[in-house]
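The primary structure of each chain is shown beneath.
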Amino acid sequence: MTTATTDERTLEELQRDHGPALLSFLLGLTYGDRQRAEDLVQETLVRAWLHPEAFDGPYGSMRPWLFTVARRLAIDARRSRLARPAEIGDGVLAVTPDPDDATASAEAALDVRAAVRELSPEHREVLVRIYFHGLTVNEAAVDLGIPAGTVKSRSHYALRQLGRSLPGYRPYRAAVARPRATASQ
């Protein structure tokens, strides 16, 4: 079984007449990524080659059909990229410590211990109970004889202090916090 395809001459005319406009349109959809836009132009033309019946459509020009196909391909490509996890370059891997490296782990543990020693005794005892002994906030409150709110507050301020003392440490909330509106807005 052979599938009907568009003849070469018609496809060349399609490329010549609509290719530059299609590329310009796709450059906008790909935020200026020329390589991706060119790939999408080629894929759009492949679709035109595979669907000769599109030439018999209700349009006086193939441009609306081409732009619709190109737009759908661009949307599909974007969704596909967003569905995959981001690729990690060699640069990130080169500076990522090896989890099996005992020296790096020991060095990190020493840094954490030194930073914890710099905390006030009240803040340190809260962190020790919660993070090193694995107690809940309520259990730590009972153990220390202070209200649960005080445990939460001390934990918060202790972690902020550790963030200043330990290089590269960023609490999750700081990484995803939204910018605040200024008075001029």
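Residue positions within a chain follow its written sequence, with the count starting from 1. Per-residue local features of the predicted model are confined to residues with pLDDT of at least 70, and side-chain atom pairs are confined, for both listing and counting, to 80 or more; whole-chain, interface and lining totals are unaffected and use all residues. Note: side-chain values were computed over all heavy atoms of the structure, leaving out hydrogens and water.

1. As for the overall build of the protein
Next up, step 1: Numbered from the N terminus, helices here are DSSP runs of H or I no shorter than four residues, and strands are runs of E no shorter than two. Across its full length, the protein holds nine helices and zero strands.
Next up, step 2: In the protein, which comprises 185 residues, the proportion classed as buried is 22%.
Next up, step 3: Put simply, of all contacts in the protein between residues at least 6 apart along the chain, 59% involve residues at least 24 apart. Think of it in three bands: with a 1.4 Å probe and only protein chains considered, a residue is buried below 20% of the maximum accessible area for its type, exposed above 50%, and partly exposed in between. Contact criterion: two residues are considered in contact whenever any of their non-hydrogen atoms come within 4.5 Å of each other.

2. Looking at the pattern of salt bridges
Pairing is possible between side chains that carry opposite charge, provided their charged atoms lie close to one another.
Next up, step 1: The rule for a salt bridge is simple: a side-chain nitrogen of Lys or Arg has to be within 4 Å of a carboxyl oxygen of Asp or Glu. Tallying each qualifying case throughout the model produces six salt bridges.
Next up, step 2: With its nearest N and O atoms 3.2 Å apart, the salt bridge here joins Arg36 to Asp33.
Next up, step 3: The exposure class assigned to Arg36 is partly exposed, which follows from its relative accessible area of 30%.
Next up, step 4: Across the salt bridge formed by Arg34 and Glu38, the nearest N and O atoms sit 3.2 Å from each other. Highlighted residues: Arg34 and Glu38, both in helix 2 (residues 34–50), separated by four residues, approximately one helical turn.
Next up, step 5: For Arg34, a relative accessible area of 44% gives the class partly exposed.

3. A closer look at the environment of Leu27
Next up, step 1: Mapped onto the secondary structure, Leu27 falls in helix 1 (residues 8–29).
Next up, step 2: Its relative accessible area of 21% is what places Leu27 among the partly exposed residues.
Next up, step 3: Residues Leu27 and Leu40, spaced 13 residues apart in sequence, show a C-alpha to C-alpha distance of 9.6 Å.
Next up, step 4: Residue contacts for Leu27: discarding those within four places in its chain leaves Gly32, Asp33, Arg34 and Ala37.

4. Observations regarding helix 3 (residues 63–83)
Next up, step 1: The terminal C-alpha atoms of helix 3, which comprises 21 residues, lie 30 Å apart, in line with the 30 Å expected from a rise of 1.5 Å per residue.
Next up, step 2: When we look at burial in helix 3, the residues that qualify are Trp65, Leu66, Phe67, Val69, Ala70, Leu73 and Ala74.
Next up, step 3: In this structure, the buried side of helix 3 is in contact with helix 1 and helix 2. A helix's residues, less one, multiplied by 1.5 Å, set its expected span.

5. Examining unusual backbone geometry
Next up, step 1: Positioned with a positive phi, Tyr31 is a non-glycine residue whose angle comes to about 55°.
Next up, step 2: With respect to the helices, strands and loops of the structure, Tyr31 is situated in the loop between helix 1 and helix 2.
Next up, step 3: With relative accessibility at 69%, the residue Tyr31 sits in the exposed group.

6. Quick word on the nonpolar core
Next up, step 1: Membership of the largest hydrophobic core comes to 19 residues, with the highest contact counts inside it found for Leu14, Leu22, Leu26, Trp65 and Leu66.
Next up, step 2: Contributions of two or more residues to this core are made by helix 1, helix 2 and helix 3.
Next up, step 3: Ranked by residues supplied to this core, first place goes to helix 3 with seven residues.
Next up, step 4: The residues contacting Leu14, other than those within four sequence positions of it, are Gly19, Leu45, Ala48, Phe55, Met62 and Leu66. The definition of a nonpolar core used throughout is a set of buried Ala, Val, Leu, Ile, Met, Phe, Trp, Tyr and Cys residues joined through side-chain atoms within 4.5 Å.

7. Quick word on the packing of helix 6 (residues 121–132) against helix 8 (residues 148–165)
Next up, step 1: One can describe the packing of helix 6 onto helix 8 by two numbers: an axis separation of 9 Å at closest approach and a directional angle of 100°. Relative to helix 8, helix 6 is oriented roughly perpendicular. Contact residues: helix 6 offers Glu122, His123, Glu125, Val126, Leu127, Ile130 and Tyr131, while helix 8 offers Val151, Arg154, Ser155, Tyr157, Ala158, Leu159 and Leu162.
Next up, step 2: Asp, Glu, Lys and Arg are counted as charged, while Ala, Val, Leu, Ile, Met, Phe, Trp, Tyr, Cys and Pro are counted as nonpolar; the rest, among them Gly, fall into the polar class. Across the contact of helix 6 with helix 8, the residue classes break down as nine nonpolar, two polar and three charged. Here an angle of 0 to 180 degrees is reported between the N-to-C directions of two axes, which are lines fitted to C-alpha atoms, with helices fitted over the stretch in contact. In what follows, roughly perpendicular refers to angles from 65 to 115 degrees, roughly parallel to angles under 35, roughly antiparallel to angles over 145, and oblique to any angle outside these ranges.

8. Some words on the environment of Gln42
Next up, step 1: Inspection of the secondary structure assignment puts Gln42 in helix 2.
Next up, step 2: Along the primary structure Gln42 and Ala70 are separated by 28 residues, whereas in three dimensions their C-alpha atoms are 9.5 Å apart.

9. A look at the side chain of Thr30
Next up, step 1: With respect to the helices and strands, Thr30 occurs in the loop between helix 1 and helix 2.
Next up, step 2: At 2.9 Å, the side chain of Thr30 and the backbone oxygen of Leu26 are in polar contact. Whenever two N or O atoms come within 3.5 Å, that pair is a polar contact, provided that in protein one can donate a hydrogen and the other can accept it, and provided that, for residues adjacent in sequence, both atoms are side-chain atoms.

10. Comments concerning the environment of Arg71
Next up, step 1: By the secondary structure assignment, Arg71 is in helix 3.
Next up, step 2: With relative accessibility at 44%, the residue Arg71 sits in the partly exposed group.
Next up, step 3: Taking the C-alpha atoms as reference points, Arg71 and Leu22, separated by 49 residues in sequence, lie 9.8 Å from one another.
Next up, step 4: When sequence neighbours within four positions are dropped, the list of residues in contact with Arg71 reads Phe25 and Leu29.

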